[in-house]
Amino acid sequence: MRINRNGALASVSAIAALALVTACGGGGSESTVSGEGSTAQQKAMEHFSQVLSDDSDIVLDYTGSGSGDGIKKFIAGDVDFAGSDSALKPDEVTAAKARCSGNDPWHLPLVVGPVAIAYNLDGVDDLKLDPSVIAKIFNGKITTWNDPAVAALNPGVALPNTDIVPVYRSDSSGTTDNFQRFLQASAPADWPYEHSKEFAPKGIGSGASKSTGVGDTVKKTPGSVSYVEWGFATENELGVADIDFGAGPVELNAGTAGKALDALAFENPDSKDLVVDTDALFASKTPGAYPLLLTPYSIVCSAGYADEATSGALKDAFTKILNDGQTGLEEIGYVPVPQSFKTKLQGSVDALAGESGNS
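Residues numbered from 1 in each chain as written. Predicted model: local features only at pLDDT ≥ 70, side-chain atom pairs only at ≥ 80, totals over all residues. Heavy atoms only, no water.

The protein is annotated in an unreviewed UniProt entry as Phosphate-binding protein from Gordonia jinghuaiqii. As stated in UniProt under Sequence similarities (unreviewed entry), the record for the protein gives "Belongs to the PstS family." (UniProt positions renumbered as here; feature names shortened; annotations may be inferred.)

Written out as structure tokens, the structure is:
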């Protein structure tokens, strides 16, 4: 079979035309929603993107760059929503409201991600810690694994005389903010630092960028320990400590994380801006519950996008995520949102198409 030069050019043109039609959803109906920020929810966003790709005309374009960068990009109008593991600060709310044409920004927690205390300690497969000991490890007060305070929580375990290497997030991180909130709430006498997206103690341990960097660093560093999202801990086959929150050691699994969500509360229960009361969550001592959880936010304009179609696209994407995207989250280290929580979320999502968006 022979194809002449003109035939070859015609074939290339036909393929290009077909590719253009395919990229445009066959009739120009495809829409894209863009987000950037939290690496803690990056695996979930990849999962949501696949769900949307399989059964909708919506493309979810998400970049995991860290919560701080995501908020900056959202305020600048470069993306439709920010991914952040902690709520906006007052000055950020003001800036976001200006970006949203005077309308309020809303925090929508579409997924729940447990934070593991992940470690690399040869020969120790069963490690128990409590908030006080965790605080002392990360502020440099406990420096070896066979320290008496660690040994007291692990009777019968042969703990080595190995230096502890705390690994923290070196970038601006909502996970860091929430981890420090947790220590403030659960071990205030041992954690004198104010929470922020920056790791507070200076000269302690080793920094690593993003959740991927933390997981990789712990995997490569004997004696190391860090706070990292459950999915990154399991992906790197790290040890995960049981934590005694005050009612006995609790293993991290979907059941114990889900139990902690039973008492989930919001800072303003009557608002469609769903900021979780993390202080109450982190101070919880419910037996059998694992309350060291992230509720990563998708931060959006309640209204006021320059392109009016954006609110509708976000509404459609988030509705699909709530209805179909929760399935399969456990396999990648997240916990599906409870039904009662999902109902409240859907109410906020439905309101995104409203004119004012103010709650």
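Having put the structure on the table, let's press on.
Participant: Whenever I open this one, the confidence of the model for the protein confuses me. Can you help?
Facilitator: Caution is warranted with low-pLDDT regions, since their predicted coordinates should not be read in detail. Per-residue confidence for the protein averages 89 on the pLDDT scale, and 90% of its residues sit at or above 70. Note on residues 1-28: pLDDT is under 50 here. Beyond four places in sequence and across chains, it has 6 contacts. Low pLDDT, under 50, characterises residues 355-359; the stretch is placed with 16 contacts to residues that sit more than four places away or in other chains. (pLDDT = per-residue confidence, 0-100. Contact = heavy atoms within 4.5 Å.)

Participant: Honestly, the environment of Trp191 in this entry has me stumped. Any pointers?
Facilitator: Within the secondary structure, Trp191 is located in the loop between helix H7 (174-186) and strand E8 (206-208). A C-alpha to C-alpha distance of 8.1 Å links Trp191 and Gln180, two positions 11 residues apart in sequence. Aside from chain neighbours lying at most four places away, what touches Trp191 is Ala135, Phe138, Asn139, Gln180, Leu183, Gln184, Phe199 and Pro201. (Helix = DSSP H or I, 4+ residues; strand = E, 2+ residues; numbered from the N terminus.)

Participant: What's the story with the packing of aromatic side chains in this structure? I'm lost.
Facilitator: Centre distance and the angle of the planes are the two values used to describe a pair of aromatic rings. For the structure on display, the rule yields 15 aromatic pairs. When the centroid spacing of 6.5 Å and the interplanar angle of 50° are considered together, the rings of Tyr119 and Trp145 count as tilted. Of this pair, Tyr119 sits in strand E5 (residues 113-119) while Trp145 sits in the loop between helix H5 (131-138) and helix H6 (148-153), and the two are 26 residues apart along the sequence. Neither residue differs from the other here; Tyr119 and Trp145 are each classed as buried. Lying over the aromatic face of Phe232, Lys43 brings its terminal NZ or CZ to 4.8 Å of the ring centre. (Phe/Tyr/Trp six-rings, centres within 6.5 Å; stacked < 30°, edge-to-face > 60°. Buried < 20%, exposed > 50% of the residue type's maximum accessible area, 1.4 Å probe, protein only. Lys NZ or Arg CZ within 6 Å of the ring centre and 35° of its normal.)

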